[in-house]
There are 2 protein chains.
Amino acid sequence: VTSTIEQCRAARAASRIFACAETEQKNQLLEEIATRLLRCSATIVQANARDMERARASGSAQPMLERLLLDEARLSRVADAVRAVAALADPVGETVSLQERPSGITVRRVRVPLGVIAMIYESRPNVTVDASALALKAGNALVLRGGSEARQTNEALTEVIQDALVSLGYPKAVVQLVATQDRSAVRELVRATEYVDLAIPRGGEALIREVVENATVPVVQHYKGVCHMVIDAGVDVDVATRIVLNAKVQRPSVCNALECLVFVASDAPRLLPAILSALNAAGCEIRGCDATRQLFPQAKAALADDYGREFLDKIIAVRVVASLSDAMDHIAQYGSGHTEAILSPSPEHVALFQRSVDAACVVANASTRFHDGGELGLGAEIGIATSRLHWRGPMGLESLTTMKWIVSGDGHIRA
Amino acid sequence: VTSTIEQCRAARAASRIFACAETEQKNQLLEEIATRLLRCSATIVQANARDMERARASGSAQPMLERLLLDEARLSRVADAVRAVAALADPVGETVSLQERPSGITVRRVRVPLGVIAMIYESRPNVTVDASALALKAGNALVLRGGSEARQTNEALTEVIQDALVSLGYPKAVVQLVATQDRSAVRELVRATEYVDLAIPRGGEALIREVVENATVPVVQHYKGVCHMVIDAGVDVDVATRIVLNAKVQRPSVCNALECLVFVASDAPRLLPAILSALNAAGCEIRGCDATRQLFPQAKAALADDYGREFLDKIIAVRVVASLSDAMDHIAQYGSGHTEAILSPSPEHVALFQRSVDAACVVANASTRFHDGGELGLGAEIGIATSRLHWRGPMGLESLTTMKWIVSGDGHIRA
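Cut-off values and rules
- Along each chain, residues carry numbers from 1 onward, in the same order as the chain's sequence is written.
- Chain letters and ligand numbers both follow the written order, the letters beginning at A and the numbers at 1.
- Confidence filtering applies because this is a predicted model: local features only for residues at pLDDT of at least 70, side-chain atom pairs given and counted only at 80 or more, and all residues used for totals across whole chains, interfaces and linings.
- Excluding hydrogens and water, the side-chain figures rest on all heavy atoms present in the structure.
- Pairing between strands is defined by DSSP: at least two bridges between the two strands are required.
- Helix and strand labels come from DSSP, where a helix needs a run of H or I of at least four residues and a strand needs a run of E of at least two; each type is numbered from the N terminus.
- Here a residue-residue contact requires only that any non-hydrogen atoms of the pair lie within 4.5 Å.
- A fitted line through C-alpha atoms represents every axis, and for helices the fit uses only the stretch in contact; the resulting angles, taken between N-to-C directions, go from 0 to 180 degrees.
- When the copies are overlaid, the least-squares fit takes in C-alpha atoms only where the residue has pLDDT of at least 70 in both copies.
- We call a residue buried when its accessible area falls under 20% of the maximum for its residue type, exposed when it is over 50%, and partly exposed in between, using a 1.4 Å probe and counting protein chains only.
- Two parts placed together each lose some accessible area; with a 1.4 Å probe, that loss summed over both constitutes the buried area.
- By definition, a salt bridge exists where a carboxyl oxygen of Asp or Glu is found within 4 Å of a side-chain nitrogen of Lys or Arg.
- Two N or O atoms form a polar contact when they lie within 3.5 Å of each other; inside protein one atom must be a possible hydrogen donor and the other a possible acceptor, and for residues adjacent in sequence the pair counts only when both atoms belong to side chains.

Participant: What exactly am I supposed to notice about the sheet that holds strand 7 (residues 227-231) of chain B here?
Facilitator: Strand pairing within a sheet occurs via backbone hydrogen bonds; the two strands may be parallel or antiparallel. The mixed open sheet is built from 10 strands, whose spatial order is 1(A)-2(A)-16(A)-13(B)-12(B)-7(B)-8(B)-11(B)-9(B)-10(B). Across the chains shown, the open sheet's two edge strands, defined by having one partner strand only, are strand 1 (95-100) of chain A together with strand 10 (300-301) of chain B. Of the strand pairs in this sheet, strand 1 of chain A and strand 2 (residues 106-113) of chain A are connected by five bridges, and their pairing is antiparallel. By the bridge assignment for strand 2 of chain A, A:T95 is matched with A:V110. Along the sheet, helix 13 (residues 324-334) of chain B makes contact with strand 7, strand 8 (258-264), strand 11 (315-321) and strand 12 (339-343) of chain B, crossing strand 7 of chain B at roughly 175°.

Laid out in structure tokens, this is it:
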């Protein structure tokens, strides 16, 4: 078995070659991957069946089996996603700024591939392909560490990607699956500062914390989405109800779903009962503060740790506060920096909220569910970053690039 | 003594307040700092005299004493630099992109302050003020860990900055000097992921490696500048000589000075002797490969570790290679990702070099010495990053910001 550090070294060497690939060549590669995924679907689905069998035998729970499954229908959607990435604009080579300096030199900042990306993830095998497509389109090499439960599926998928690479004359090492099954591989991967430029962990909070605690390479983090919505005085009750229902109930298990409603006291008597009734009718459990329960007695009493909690379920925390300023303090204390929203008819309140609230995405008069790579116009995303660096928010192709400075002179020397 | 983690927590709280400061208020603060630095110059210079005395008594070498010194003349230049930062455009609030999506929502990406920056540096006390000015202009809070040899000077400078903050109604904790003298403070600082957004170490390679090895917060790194210049066939010998002398001899001790010349063999007989003679005449020691010494017998034989070495002195490594491609391979092997240059009359060779070479700054037909915040148009810099993330190249105000996504709707929900 090749050691993880050797794989990282090979990735660095391969990345130097692949970084120079033209847009046309990269698109051709993605087409080739999509075609081969469908052509090899029987092999992949069989590998997945073996992973599923093993997972069932070891007593894995239904949600985990659901995440692990890769059947023909899902594989076909994965191939479509690869083609969709091929259709996106290539960020590499884009001139970000251009100026002629008083000294006479021309200074250009150009977008270039990041280099080598380490992806550490859990059971969903589609991540193997989704992440590869985005990383490749941005000119990067990739070292993948998937969950052990998806081992055979990931091996089959990686083989297809490597065959596509080789068929177009690129080194296999542009996309590699970590060879060893040792748990120490993750630690080795995220400390390979010579070879790895960015680590992207995707999975539960424990996995992400393990990566952050051990990493010496940069890490983009996404712990959780504790999303708030402030209901300011004066909003239309029907519009507010529609937005709250969309944000909370459409898909309660996702990170941009709503977890806490904050009402400004002055208009709460008009708005709170109507909105909470609608949530209740939609099957949502309500956990409120004392003021909430006075206006809506059906609410349960919120416990201290219900604020700042990601329920990922049809449960919502509710609080009534004296002012917009108090609402923003609540968010500063309990938010996770993911998505924070306000519904308000006041342009001043909206501007203050959008300026002051510190989160990857700040929404006004719309659902928190819009915080998503597709909805924000990125085409596809490799994840959402709640950390501030190197990236914040949905990670599309641009987030997988860095820049270099290009200086051009005509015999210029520095004075 | 307040613990370092308590100071970081206070910095986070202060940063939330300071992040909302308007450009005018931040400029007023910088003016106030500049004024107070001059008004309190006697106190600062006396504190520095005590640090100098202690350093002399403990037998510090002359270069270290030179870096530590802060007299009236230097302090006056420091105050000027603060005013120069006030005059720079404020990156905070800048709209980076704006689009209306098919769903009807408006999506804006806006530059916002990074948050809390930890600055870890050695003997130069001017860094205390230079770093503060840039960080403050970009709306950030700052935790400073200076060298113990500059302790009293740094305390006096920080007090001036804090007095200026308080006089304008901001919390002192916007700029703090680490209180404890414990070496463990650095480790604590760079692992405070809840409170610190970015660590910037400035100093020798050992200091930077210590920070990188220990940090769980993002770090911008600058190990060293091993800058190469490729002399391609056909260049004008006088122009090339002038550029090489500027790059190597003007200030040999800086990171963007030249450390290695790489000649393409076909035209080396014409170019190499003339250029190396000029370097020799300027007092520069030459260490070459066999082919170099055949064309220029005065050269010493280069040892294996002379390639990839940062001499920071009037010494240069020289190598003759068969082709431009071999020259780029030499750079890939020995470069430090700082500044790489080519002198060539061929637009094709220049384009290939600028596209393929992987470094923060790639220069054509000009001196490597242009890789500098001022020369590249950033106005001022807090350092140069040779890492790829979060930043690459000279770190001006923009490098001390991040972005957030602002979504505005009018009752929009996700389909």
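Participant: Would you take a moment to explain the relation of the copies chain B and chain A for this structure?
Facilitator: Between the two copies of the chain lies a rotation about an axis combined with a shift along it. You can overlay chain B on chain A at an RMSD of 0.0 Å; the transform is a turn of 180° with a shift of 0.0 Å along its axis. Read as a symmetry element, the transformation amounts to a two-fold axis. Scanning chain B for the C-alpha nearest the rotation axis identifies B:H390, at a separation of 2.3 Å.

Participant: Quick question: what am I supposed to make of the side chain of A:N48 here?
Facilitator: Residue and element names in this part refer to chain A. Note on placement: N48 falls in helix 3 (residues 41-57). N48 sits in the buried class, given a relative accessible area of 1%. Aside from chain neighbours lying at most four places away, what touches N48 is L68, L69, L70, P125 and T153.

Participant: What is the right way to look at the interface of chain B and chain A in this model?
Facilitator: Reports often express the size of an interface as the amount of accessible area lost when the parts come together. Listed per partner, the contact involves 76 residues of chain B and 75 residues of chain A. Buried surface at the junction of chain B and chain A, summed over both partners, amounts to about 6,300 Å²; 48% is from carbon and sulfur atoms. Looking only at chain B, the three residues that lose the most surface to chain A are B:L389, B:W405 and B:R414, adding up to 15% of its buried area. Linking chain B to chain A there are 14 salt bridges. Between A:D372 and B:R414 there is a salt bridge whose closest N-O contact spans 3.8 Å. On inspection of chain B and its partner chain A, the count reaches 66 residue pairs in polar contact (both at pLDDT 80 or more). At the level of secondary structure, the elements contributing two or more residues to the side of chain B that touches chain A comprise helix 1 (4-18), strand 2 (106-113), helix 9 (205-214), helix 10 (237-249), helix 14 (347-356), strand 13 (361-366), strand 15 (393-394) and strand 16 (401-412) of chain B. Among the elements that line the side of chain B that touches chain A, the one with the most residues is strand 16 of chain B, at 11 residues.

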